[in-house]
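Listed below, chain by chain, are the residues.
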Amino acid sequence: MKVLSLISVTCLIVEAFGASLPKAEINNRKFPESFKWGAATAAYQIEGGWNEDGKGESMWDHFTHTNPSVTDDKLNGDVACDSYHRWREDIQLLKQLGVSVYRFSVAWTRILPTGYLDSYNQAGVDFYVTFVKELLANGITPTATLYHWDLPQVLNEQGGWLNDSTADRFGEYARIVFKNLGPYVKLWSTVNEPKSTCMLGYGDGANAPGIKQIGTAVYQCARVQLLAHATAYHIYHNEFAAEQEGKISLVIDSTYNEPATDSEADVEATDWETQFNLGWYAHPVYVGNWPQIMIDRIGNRSALEGLPKSRLPAWSAEELEFVKGTHDYFGLNMYTALRVSAIDEPEIGDSSYYSDKGTATSFGADWTPSIASWLVVYPFAMRGLLNYVWNNYNPGEIWVTENGVATNATINDQFRVDYLQGYLSNMLDAILDDGVNVAGYTTWSLLDNFEWARGYTQKFGIISVDFTSENLTRTFKDSAKWYQRTVNTYCLVEECVE
Ligand code: BGC
């Protein structure tokens, strides 16, 4: 706790005095012409209109309404940025920025308020169809995420992401969305950040649905989310892809991990850390099955705990095949980095993901903290992680579907400008020097919005939203102006070499 508050204080000082981060040399070459620039948001974080036009209750509606103290400011997403009503204005902001892509998410409960087919809500479908048509009319390509954490509460009450049948419900919902939005949307993400959904929602309980079963439920949740992803992938490819010609994948979040020292033990621990995070979701999809180290460690520890089988659910041969290969690109959310050290084997008795993982993590002393305790600024992380994904999963194409930083700044957010410039510079190194095919980038986030358990206390937007004003006034921050110049010139500095 002490460390966290020190980090926050340092950061406030950095912002208050307008100091900027130490700058590495910024790449002064141009991004390839084919590179796609965009911005990202998610339904519950911006839409509001939580019970309008037939929308059902999601688990985040329920979570924040039943116990307001689940968020730092006791606020919720009932209104958020009110984008459910102000979406035309948001599209104009995107246009003004000059981006060619917008990554948004569809709220499952607008389409199927209970999660079941018999609750079909035409008004919800119409809303998104009108929305994507308007994006296209303004020259912006929509990319849609099917699930960004807002599970129908009815499904949650029936086990949610711990119940295998939720994968079937997800498939039914996905089919409706493909049928109606597929003529307009050509890039799909199925599930956004399954690791965060499972760890935060079913492990430490900070996010909806608030379950704290860090040694068991997190693994079952992973299984069901991967089945859901694969179900939607196969439905798309079997029923829609030939005609609609789009691409579909999972979006996985990952830190970039560095060994704390070059000792063999720390290097091995770094691999374990990566397998237990990125590999947990990427390995089943891009290689097949859970990473071996997860199978071994969780299996061994479960046996020593006297359990009849591993806490990590085994896949049937049929399921393995069903999940393997379900990708058309790699959707990567990347914000931050970790230093990893080996530790003594944790005692048996504590059945926890962290003991299963058996590593310790810290931040590098030279990395710059942000106001989010988990997020440090270390631009090289971008290049390192892109190379890791490219070399280990052979995805053909990567989209960086989220990347950004939290600040308290309203308009003068030099801290974010430096962050974006540094990370994008490292991305450009990966593209031009390492041959990594990054097709596009959707920065997080277009707008300041509801930052989950942090409420509105941490702002990730390049455009500020004045939540105290009647019109929820949107204003370009310095970072939005910087991004506008960058997306128009394909260049991170004032002048690029040709
Ligand atoms: C999530 C976003 C979130 C952002 C910043 C990502 O993990 O997909 O919903 O706002 O990180 O915390």
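Residues numbered from 1 in each chain as written. Predicted model: local features only at pLDDT ≥ 70, side-chain atom pairs only at ≥ 80, totals over all residues. Heavy atoms only, no water.

Q: How should I be thinking about the sheet that holds strand β3 (residues 141-147) in this particular structure?
A: In a beta sheet, neighbouring strands are held together by backbone hydrogen bonds and run either parallel or antiparallel to one another. Read around the barrel, eight strands follow the order β1-β2-β3-β4-β5-β7-β12-β13 and close on themselves; strand pairing throughout is parallel. Neighbour-to-neighbour, the strand axes of the sheet open up by a mean angle of 25°, direction not taken into account. The sheet contact formed by strand β5 (residues 247-253) and strand β7 (residues 330-333) spans three bridges and is parallel. Pairing of Val251 across the sheet is with Gly331, part of β7. Across the sheet, helix α10 (residues 217-244) lies against β3, β4 (187-192) and β5, angled at about 160° from β5, the strand it touches most. (Pairing = 2+ DSSP bridges. Helix = DSSP H or I, 4+ residues; strand = E, 2+ residues; numbered from the N terminus. Axes fitted to C-alpha atoms, helices over the stretch in contact; angles between N-to-C directions. Contact = heavy atoms within 4.5 Å.)

Q: Help me understand the site of the ligand, please; the structure alone is not making it clear to me.
A: In the vicinity of the ligand, the residues found are Gln45, His148, Trp149, Asn192, Glu193, Tyr335, Trp374, Glu402, Trp444, Glu451, Trp452 and Phe460. At a separation of 2.7 Å, an oxygen atom of the ligand approaches a polar side-chain atom of Gln45. Here Glu193 contributes a side-chain N or O atom positioned 2.5 Å from an oxygen atom of the ligand. Protein burial of the ligand: of its 310 Å² of free accessible surface, 94% is covered by the chains. Among the residues making up the shell around the ligand, the classes are represented as six nonpolar, three polar and three charged. (Near = heavy atom within 4 Å. Polar contact = N/O pair within 3.5 Å; in protein donor to acceptor, adjacent residues only side chain to side chain. Areas by Shrake-Rupley, 256 points an atom, 1.4 Å probe, with all protein chains shown as cover. Nonpolar A, V, L, I, M, F, W, Y, C, P; charged D, E, K, R; others polar.)

Q: Explain the packing of aromatic side chains to me, please; I cannot follow it from the model alone.
A: In this description, an aromatic ring pair is defined by two values, namely the gap between the centres and the angle between the planes. Under the definition given, this model contains 55 aromatic pairs. For the ring pair Trp60 and Phe450, a centre distance of 5.9 Å and an interplane angle of 80° mean the geometry is edge-to-face. Taken together, the residues Trp60 in helix α3 (residues 59-66) and Phe450 in the loop between β13 (438-444) and β14 (463-465) connect sequence positions 390 residues apart. Trp60 gets classed as buried once you look at its relative accessible area, which sits at 1%. The exposure class assigned to Phe450 is buried, which follows from its relative accessible area of 0%. Ring centres of Phe330 and Tyr393 lie 5.9 Å apart, and the angle between their planes is 25°; this geometry places the pair in the stacked category. Here Phe330, found in strand β7, pairs with Tyr393, found in helix α15 (residues 380-393); they are 63 residues apart in sequence, far enough to count as distant. On the basis of relative accessible area, Tyr393 is assigned to the buried category, the value being 5%. (Phe/Tyr/Trp six-rings, centres within 6.5 Å; stacked < 30°, edge-to-face > 60°. Buried < 20%, exposed > 50% of the residue type's maximum accessible area, 1.4 Å probe, protein only.)

Q: For this particular structure, what's the right way to read the state of the cysteines?
A: When the sulfur atoms of two cysteines share a covalent bond, that bond is a disulfide. Evaluation of the coordinates by the stated rule reveals two disulfides. The disulfide partner of Cys198 is Cys221, and the S-S distance across this bridge is 2.1 Å. Its torsion about the S-S bond being -80°, the disulfide of Cys198 and Cys221 is classed as left-handed. Here Cys221 lies in helix α10 and Cys198 lies in helix α9 (residues 194-203), a separation of 23 residues in the sequence. Taken individually, Cys198 and Cys221 each receive the classification buried, so the pair is uniform in this respect. (Disulfide = S-S within 2.5 Å.)

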